[in-house]
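# Per-entry structural report
Each chain, written out:
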Amino acid sequence: MLGVIVIYVVLFGGLWWFMMRPQKKEQKRIQAMLASMEVGDTALTTSGFYGVIIDITDDDVIVEFGNNKNCRIPMQKAAIAQIEKPNAE
């Protein structure tokens, strides 16, 4: 009986390790990306639009998508998928 309990504990521990660890790693990557954003960087949204960051506040990011076409994106929502620095090649 003790062997069955140990097997279940190991099984659930392994499942937790393989399911929760990648999620936490991805959250850390997103937080680092959002922390490194600067005005002038190019942002790719999750909907597939590229734009230039024109203002950053504590709660929002304002992205310009074209000629005076601006959008306010909340920082708490994971709406920004990727950041590209203008001097990076």
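Because the structure is predicted, anything quoted here is derived from the model rather than measured.

This brings us to the UniProt feature "transmembrane region" (unreviewed entry) in the chain. Sites flagged by UniProt as "transmembrane region" (unreviewed entry) map to residues 6–23. Along residues 6–23 one finds 100% helix and 0% strand; the C-alpha atoms at either end are 26 Å apart.

Turning our eyes to something else, we now look at the pairing of strand β2 (residues 50–56). When strand β1 (residues 42–45) meets β2, the two strands line up antiparallel, connected through 3 bridges. Considered in β2, the bridge of Leu44 is made with Tyr50. Hairpin remark: β1 followed by β2, antiparallel, with 4 residues in the connecting loop; positive phi at Gly48, about 100 degrees. Pairing of β2 with strand β3 (residues 60–66), which is carried by 4 bridges, proceeds in the antiparallel orientation. Across the sheet, residue Ile56 finds its bridge partner in β3, namely Val61. What sits between the antiparallel neighbours β2 and β3 is a turn of 3 residues.

Looking now at the nonpolar core. In terms of nonpolar packing, the biggest core is built from 11 residues, these being Met33, Leu34, Met37, Ala43, Ile53, Val61, Val63, Ile73, Met75, Ile80 and Ile83. Those elements that place two or more of their residues in this core are α1 (2–35), β3 and β5 (80–84). Apart from the residues within four sequence positions on either side, Ile53 is in contact with Met37, Glu38, Val39, Gly40, Asp41, Ala43, Val61, Ile62, Val63 and Ile83.

On the basis of which strands lie adjacent, the open sheet formed by 5 strands has the order β4-β3-β2-β1-β5 and antiparallel pairing. Edge positions in the sheet fall to β4 (69–74) and β5, since each of these pairs with one other strand and no more. Going from strand to strand, the sheet's axes swing by 40 degrees on average, the running direction of each strand aside.

Position of Val52 among the secondary structure elements: in strand β2. With 34 residues separating them in the primary sequence, Val52 and Phe18 have C-alpha atoms 36 Å apart. Among residues more than four places away in sequence, those in contact with Val52 are Gly40, Asp41, Ile62, Val63 and Glu64.

So, how was this worked out
- Residues numbered from 1 in each chain as written.
- Predicted model: local features only at pLDDT ≥ 70, side-chain atom pairs only at ≥ 80, totals over all residues.
- Heavy atoms only, no water.
- UniProt positions renumbered as here; feature names shortened; annotations may be inferred.
- Helix = DSSP H or I, 4+ residues; strand = E, 2+ residues; numbered from the N terminus.
- Pairing = 2+ DSSP bridges.
- Core = buried A, V, L, I, M, F, W, Y, C linked by side-chain atoms within 4.5 Å.
- Buried < 20%, exposed > 50% of the residue type's maximum accessible area, 1.4 Å probe, protein only.
- Contact = heavy atoms within 4.5 Å.
- Axes fitted to C-alpha atoms, helices over the stretch in contact; angles between N-to-C directions.

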